[in-house]
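Chain by chain, the residues:
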Amino acid sequence: MIIKQYYWLPAVLLFVLGVCGQRVMATPVAWEQPQQQWLSQQSQHFTVSFLNGHQHSAARALDIAEQVHSELLPFFKGSPQQRTELVLVDDYDFSNGWASSQPFAQIRLYIAPPEDVSGLEVYDEWLHTLIRHEYVHIMHMELADGAVSALRKIFGRNLFLFPHALTPGLLLEGLAVYLESNKELGYGRLQGSYYEMQMRMQVAAGEVKDLQQVAVASRQWPLNSPYLYGAYFIEYLAATYGEEKLQLFLQRYSRQVLPYFLLNHSAKEVFGKDFISQWGDYQDYLSARFSKQITELKQSAVSGHELYKSLFLQVTASSSRGLLVNRHNGEDRANIAVLSAEQGQTPRWQHIVNSKGVTALAEHDTAGLAVSRQVDYADGRTINDLFVYQHHQWRALSSGQRFRKLRWMPSGKQLLASRKVAGLSELWLLGVQQGAAHKRIWQGERGVVLGGFDISADGDYLIAALKRPQQGWNLERLALASSTENYLQWQAVSNTKAVENSPVYLPDGRIAFSADYQGVYNIFVLDPQSQRVTQWTREVGGAFLPHWQQGLGLVYQAYTGNGYSVRHIEQPQSLASFALDSVQGNYDYPDPVLEKSAKSKIEKYSPWPTLAPRTWLPLWEFDNLVSRAGMSFYGADALGRHNYQLAADWDFNNQFANYNLNYQYDNRWLVSALREHNFQQLSLSGQRGYFISQDDLLSVQRRNLWPLWEDQLRLHSAMVLDKTRLLAQPAFINQGQYQSSNETLLGLALTFDNRQWYLNVPGVGWGTYMDLLVETNTPFNSDYSGQKYQGQWSMTLDLSGRSTLTARLAAGYADSDAKAFSLGGHDLSEEMLLFARDRQGLRGYDAGVQVGHRYATQRLQFNTWLGRVERNWSLLPLGLGDISGALFVDSGAAWNGGAQRKQLTGIGSELTAGLKLGYKLSLPVTFGVAKGLDNESGGYQGYLRMQMPF
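This structure is a prediction, so every number in the text was calculated from the model and none was measured. (Residues numbered from 1 in each chain as written. Predicted model: local features only at pLDDT ≥ 70, side-chain atom pairs only at ≥ 80, totals over all residues. Heavy atoms only, no water.)

Any chance you could break down the overall build of the chain for me, citing the residues and the numbers?
When helices and strands are tallied, the chain shows 12 helices and 51 strands. Its C-alpha atoms give the chain a radius of gyration of 31 Å, within 12% of the compact-globule value 30 Å for 950 residues. Across its three principal directions, the C-alpha atoms of the chain cover 105 × 65 × 55 Å. The buried share of the chain, taken over its 950 residues, is 56%. A separation threshold of at least 6 residues defines the contact pool for the chain, and within that pool the share at least 24 residues apart is 57%. Taken as a whole, the chain presents about 40,000 Å² of accessible surface, with 52% of it coming from carbon and sulfur. (Helix = DSSP H or I, 4+ residues; strand = E, 2+ residues; numbered from the N terminus. Rg over C-alpha atoms; globule rule 2.2 N^0.38 Å. Buried < 20%, exposed > 50% of the residue type's maximum accessible area, 1.4 Å probe, protein only. Contact = heavy atoms within 4.5 Å. Areas by Shrake-Rupley, 256 points an atom, 1.4 Å probe, with all protein chains shown as cover.)

What follows is the structure, encoded as C-alpha cells:
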C-alpha cells in the first residue's frame, strides 16, 4: 500500500483560504515620478513611509496613530509586538485604505479625503478616521492567545495563526466601523444619515439579509453589505450583551487553532447563542429600530416620477438639450445619453457616445460636452483627467492632472475644475483651446475639503459644499471676479450640523442642494436674499444630486431598497419652509491628537527592514518513489514593490532538490525559477520501470515598457529557459529512444487591452485584447534554433442583458528548427501566457491531437448569466456565488510547412459556478461537455476545470 502525503497541500490551502482574503498585501505603490524619493520616519509603535513633499502628512499620521493606539489598547488588551507599517500614498482620486496582517502588520493610507456623500462624509479629520478604522483591523487581526500564540513563536506569522483575519468580512469591517464611530461627538459611519438610510431601506423593502448571505456578499445590493450589516450587528451585540462580552468573544476566539470551524462555537460560549441563532434576534432588532420611522416617512412621502433606475448613483448634468446621464447599470456598456421632454410630454432618450470611467460631466451650448474620467495607468495610479467631446471625437484636455469635478464658464472658453493633490483642495481655470493656459485660482489649507460646486449664470459666483477643520459640510460662496488666488475669499452661506452637499444654481438665482436636516437626505432650496430654506422632496430613503432641467423641472436621484432612481418633479411644491438661522450649529470637533509623539529623524526608505520572511510552512511527500521534505516562505517590503515566494525540498530517496522561486518588483519585473522531477511509469512485456526527468524553467520578464494610449498599448520583453533532461529510464528501453530538450527564448510582445468587466456579467463584459509576440532561439545555446511568431485577437460584444459574445482568432509560425506548437485539450490557461506559449486549447480533442510549426485557431463563445446564489454554508468557509453558462465552437489546425492542413472543429457547453472559499475568494469551477466533430480524432469529452481569478 502506498501512503502519500501531498507536499503541496498545505501551501495550496493557505493560499486559497487565507492569502486570498489578504490579497491587498501585494499591492505595490505607484512608480516614482521624476524627482520623487521615498522616505521613512518612526514613532514608538509605527513606521511611516512616504514620498518627499508629504512630510507634514507623515508626521501627522504618526501623531494620530499613536493617539489611536493608546485609545484602542484598553478595548483589545493587546497590540502588535512589532511596529505597524504605515504607507502614505497619493496615487488615487478616491478615498480608501486597507490593512493586512500579512506578511507583517501594515496599513495603506490614501491621502485624498472624501468629497461626496457616500457614507464616508461624516468625519472629523480624514487621516484620523482612516487610521482609526484600519488600525482597528490590525489590533483585531493580531489578537492571539494560548496555543495560537505559542504556535506563532514556532511558525511565525502564518495566516492560519491569525484566526480573526479569517472571519467573515462583516465581523472585521463591522467592528472597525463600530469603533471608528464616536456617538458623543457625532462622527463615523454609524453616526451618519447615509448608513442609517441604507439600513432603513433594507428594512422598508422587507429584504433584510440573513447571515449566510452577508457572510459572502460581494455583488448583491447594497454593495457594502459586510460594512453595513456588520456595523449594526456589532452595535447590536454591544447593546444587548455589553462591550465586555464583545471583548471576551474576541479574546476567546483568538485562542482557536482551527479557524472558520469554531467561530459559532466561540460565539455560543460567550453570548449563549451562536451567530446563526443570534441573527434572527438581530433582524428583529433592526425591524424594531426602524419600523416607526419608516411608517412616518411613508405616510408623508413626496417623491418624483422615475426616469431611470440602476444599482449605481448616475453621473448627471443639465443642459440646453436635456438631462445628460452617464448610464451605468453594471451589465451593459456605459454610455452618455440625453433625456429630453417638452412640457407635459413623455421624456425621450437619445444616445450620444459610449463612455468609460466618467465621474463628472458638463455641457456648453457651443463649446460641447466635457467630462472627467478615471483612468487606470500602468504605473499603478488611478487618477482623473478632463476630456472634451466635439465633432464626434474625444480630445484630452489634461494629462495626469487629476481634475475630478468641472463646470463650464459662461463664455465656453474655460472650464472651472477642482482636484485634490497631497490632500489639498484646489480650483483651476482651464482654457479649452489648443495651447490655452491653465491657472490655479485657489488652494485650500490642510483640512479644508472642497466638494460639489456650481457657477452662477453670469459667472460671477461659485457655490460649493465645503468642509473646514473640526466642522461638518456647509455651503460657501466664492466671488470669481478676481483671477488672482490670493484675493479669492470664501463667504459662509450656512453653518449647520447637516451634511449640505451638491449645490446648484436655479435659473432664478436660488440654490438647490441636498441635506439631512432631519436625519434624512432631501432636496432643499435656499433663497440667498431672504435666507429661507424650502423643502422640495420627502423621500423614505434619500434624495441627492439636484438639477433643474427645462421640460423636466427638478431632477434628482433617490436611494431605494434596490438601487438608485433618477426622478423628476415638474413643478415642485413647498413641503416645509424655515429660516436658515433656525438650523445653525457647530461641531467643533476636538483635535484628535492630545500630545505629539516622539519621532525619529527622517531617513531614506530602505526595503530591507521588512523584506525578511516572517513565516514558514513545512512541505512533504512520501510514497514508494520519493521521500521529500522541505519548507516554503514568502516576504514583501512595506511599499509592496518587492514580493517573493520560495518553496524548496530535498528528495532523500533520489538525492534530488526541487524548488520554486517567484520574485516580482512592482508590475515591471517578474522572475521565476522552477526545478521539479517527474516520474512516469512504463510497463512492457511484464516488465515495469520508470522514466525520471528533470524540468527546469527560468523566466525573466520586463513588463510595461513604454505604455501608450492611456496605457492600453504596452510593450513587454522576456527571456524564458525551458529545459527537460532525462535522468533515468527503464533498462528494457533502448538508450536514446527518449530525448531531452532545451528551449531558450528571447522575446518581445506588444499588447493592446481595452476590455471592461461589469458587476453582473460573467467574465469580460466588452472590449478587445490583442497581442503580437516575436521570440528567437538564436542568442542562446539551445536544442532549437530560429524564430517563433504568434498573435491573438479576441473581441467581446456586449449583448442585451447579462450576455456576451466573444470571437477569438490566434495563429503562430515557427521556423522548422524551432519547437513545434501543440493543439488540443480543454485547458485554456496557456493561451493566456504572454511568452513561451506552446499549446492552444481545442475542446473535444485530446491534448496534442495535432503538432506542427504552424497553427491557426478560431473560437466563438456565447456567455450568459444564469443566476445568483451568493450564500454561504452556515459559517463554514464554503459558499456559492454566481452561476453562468456558455456555448462554444472551437476550430483549428496545427501543421508543418508543405504538409496537408486538417481543420478540426469541436462544439460544446459549459456551466460555471463561483465557489466561495474562506468568505472572500470566488473560485470559478467549470463543468464542461465537448464533442469533437472529427470522426477519427474527436469524440465526447467531459471535464472539470478550476481556475484562479488572476
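That shown, we press on.
Hey, could you go over the nonpolar core for me, with residue numbers and the actual values?
Counting 99 residues, the largest nonpolar core has F76 and F275 as its most contacted members. Apart from the residues within four sequence positions on either side, F275 is in contact with L171, L211, F233, L237, F249, L263, N264, A267 and L875. Ranked by size, the runner-up nonpolar core spans 17 residues in total, among them A464, L466, L478 and L488. (Core = buried A, V, L, I, M, F, W, Y, C linked by side-chain atoms within 4.5 Å.)

Provide a residue-level description of empty space enclosed by the protein, including the pertinent values.
Counted by the stated rule, this structure contains two cavities of 30 Å³ or more. Taken as a whole, the largest cavity spans an internal volume of roughly 70 Å³. Every residue lining the largest cavity is counted, 13 residues in all, and those nearest its centre are H140, L171, I234, F249 and L250. Considering every element that reaches the lining of the largest cavity, the biggest residue donor is helix α9 (residues 243–253), with three residues. Approximately 30 Å³ is the volume found for the second largest cavity. A breakdown of the residues in the lining of the second largest cavity according to their chemical character gives four nonpolar, three polar and two charged. (1 Å grid on protein atoms, 1.4 Å probe; cavity = no way out; pocket = protein on both sides within 12 Å on 5 of 7 lines; lining within 4 Å. Points joined across faces, edges and corners; volume = space filled by probe spheres on them. Nonpolar A, V, L, I, M, F, W, Y, C, P; charged D, E, K, R; others polar.)

Any details on the sheet that holds strand β20 (residues 461–467)? Residues and values, ideally.
Reading across from one edge, β19-β20-β21-β22 is the order of the four strands in this open sheet, with antiparallel pairing throughout. Two strands bound the open sheet, and with one partner strand each, they are β19 (449–455) and β22 (490–492). The average angle at which neighbouring strand axes cross in this sheet is 35°, direction not considered. Inspection of the sheet shows β19 paired to β20 by five bridges, in the antiparallel sense. Residue I455 lies in a different strand from β20, and its bridge partner there is L462. (Pairing = 2+ DSSP bridges. Axes fitted to C-alpha atoms, helices over the stretch in contact; angles between N-to-C directions.)

Describe the pattern of salt bridges, naming the residues involved and giving the relevant values.
A complete count under the given rule lists 49 salt bridges for this structure. Note that E331 and R802 form a salt bridge whose closest N and O atoms lie 2.9 Å from each other. Here E331, found in the loop between β8 (323–327) and β9 (335–340), pairs with R802, found in the loop between β42 (787–798) and β43 (803–814); they are 471 residues apart in sequence, far enough to count as distant. In this structure, E831 engages R808 in a salt bridge whose closest nitrogen and oxygen atoms are separated by 3.9 Å. In this pair, E831 sits in the loop between β44 (821–823) and β45 (839–840) while R808 sits in strand β43, placing the two residues 23 residues apart along the sequence. One exposure class covers both E831 and R808, and it is buried. Within the structure, one salt-bridge network assembled from shared partners comprises R808, E831, R843, R859, D890, E910 and R945. (Salt bridge = Lys/Arg side-chain N within 4 Å of Asp/Glu carboxyl O.)

Go over the packing of helix α2 (residues 55–76) against helix α3 (residues 126–142) with me, naming the residues and quoting the values.
With their axes 9 Å apart at the nearest point, α2 and α3 run at an angle of 45° to one another. As far as their axial angle goes, α3 and α2 are oblique. Here the hand of the crossing between α2 and α3 comes out right-handed. Residue-level inspection shows S57, R60, A61, I64, A65, V68, H69, E71, L72, L73 and F76 of α2 in contact with α3, the latter providing L127, H128, I131, R132, Y135, V136, M139 and H140. Residue classes in the contact of α2 with α3 are distributed as 12 nonpolar, four polar and three charged. (Parallel < 35°, antiparallel > 145°, perpendicular 65-115°, else oblique. Left-handed = near helix turned anticlockwise from the far one by under 90°.)

Talk me through the layout of surface pockets; I want residue IDs and the actual numbers.
Considering only enclosed or pocket space, the second largest pocket measures out at about 1,100 Å³ in volume. In terms of lining, the second largest pocket is formed by 37 residues, of which the most central are D454, I455, S456, A457 and Y505. Among the elements of the structure, β11 (358–364), β15 (403–408), β19, β20, β22, β23 (501–505) and β27 (542–549) are those that each provide at least two residues to the lining of the second largest pocket. The greatest single-element share of the lining of the second largest pocket, amounting to four residues, is contributed by β11. Of the residues contributing to the lining of the second largest pocket, the split by class is 19 nonpolar, 12 polar and six charged.

Lay out the pairing of strand β41 (residues 764–776) in plain terms, naming residues and giving numbers.
Most of β41 sits inside the fold, with 10 of its 13 residues counted as buried. Where strand β39 (residues 741–753) meets β41, eight bridges bridge the pair, whose relative direction is antiparallel. Counted as the bridge partner of L748 is V774 from β41. Hairpin connection of strand β40 (residues 756–757) to β41: six residues between the antiparallel strands, including G763 at a positive phi of 70°.

Help me get a handle on helix α5 (residues 169–180), residues and values and all.
Because each turn of an α-helix spans 3.6 residues, side chains separated by three or four positions end up pointing in the same direction. Between the first and last C-alpha of α5 there are 16 Å, a value that for 12 residues agrees with the 16 Å anticipated at 1.5 Å per step. Inspection of α5 places G169, L170, L171, L172, E173, G174, L175, A176, V177, Y178, L179 and E180 among the buried residues, and these make up the whole buried set. (Expected span 1.5 Å × (residues − 1).)

Can you lay out a nonpolar patch on the surface for me, pointing to particular residues and giving the numbers?
A surface patch of nonpolar side chains, amounting to about 310 Å² of accessible area, comprises L860, V889, I907 and L933. As for its placement among the helices and strands, I907 is situated in strand β49 (residues 904–917). On the accessibility criterion, I907 (37% relative accessible area) is partly exposed. (Patch = residues over 30% accessible without salt bridge, like charges linked within 9 Å, V, L, I, M, F, W, Y side chains within 5 Å.)

Could you give me a rundown of the packing of aromatic side chains, with the residues and numbers involved?
Taken as a whole and assessed by the stated rule, the structure comprises 44 aromatic pairs. Judged by centre distance (5.1 Å) and plane angle (35°), the rings of F155 and W616 are tilted. Of this pair, F155 sits in helix α4 (residues 146–155) while W616 sits in the loop between α12 (608–611) and β32 (617–622), and the two are 461 residues apart along the sequence. The partly exposed category is assigned to F155, whose relative accessible area is 23%. Of the residues examined, W616 reaches a relative accessible area of 29% and is grouped as partly exposed. Taking 6.3 Å as the distance between ring centres and 85° as the angle between the ring planes, the aromatic pair formed by F513 and Y517 counts as edge-to-face. Taken individually, F513 and Y517 each receive the classification buried, so the pair is uniform in this respect. Above the plane of the ring of F162 lies R152, whose end atom (NZ or CZ) is 3.7 Å from the centre. Lying over the aromatic face of Y587, K497 brings its terminal NZ or CZ to 5.4 Å of the ring centre. (Phe/Tyr/Trp six-rings, centres within 6.5 Å; stacked < 30°, edge-to-face > 60°. Lys NZ or Arg CZ within 6 Å of the ring centre and 35° of its normal.)

Go over the confidence of the model for the chain with me, naming the residues and quoting the values.
Taken residue by residue, the chain gives an average pLDDT of 93. The fraction at 70 or more is 96%. Contacts for the low-pLDDT stretch residues 1–25, under 50 throughout, to residues beyond four places or in other chains number 67 contacts. (pLDDT = per-residue confidence, 0-100.)

Describe the environment of T724, with residues and values.
Within the secondary structure layout, T724 lies in strand β38 (residues 713–728). Residue classification places T724 among the partly exposed positions, given a relative accessible area of 26%. As a C-alpha pair, T724 and Q571 span 153 residues in sequence and 78 Å in three-dimensional space. In contact with T724, not counting residues within four places along its chain, are S693, Q694, D695, S740 and S741.

Quick one: what's the story with the sheet that holds strand β46 (residues 850–852), residue by residue and with numbers?
Read across the open sheet, the three strands follow the order β45-β44-β46; overall the sheet is mixed. The two strands at the open ends of the sheet, each matched to only one other strand, are β45 and β46. Here three bridges tie β44 to β46, and the two strands are oriented antiparallel to one another. In the sheet register, S822 faces β46, and the bridge partner there is V851.

A description of the side chain of N754 should follow, citing residues and the corresponding values.
Mapped onto the elements, N754 comes out in the loop between β39 and β40. Polar side-chain contacts of N754 include one of 2.7 Å to the backbone nitrogen of T768. Setting aside chain neighbours within four positions, we find N754 in contact with K356, Q712, W766, G767 and T768. (Polar contact = N/O pair within 3.5 Å; in protein donor to acceptor, adjacent residues only side chain to side chain.)

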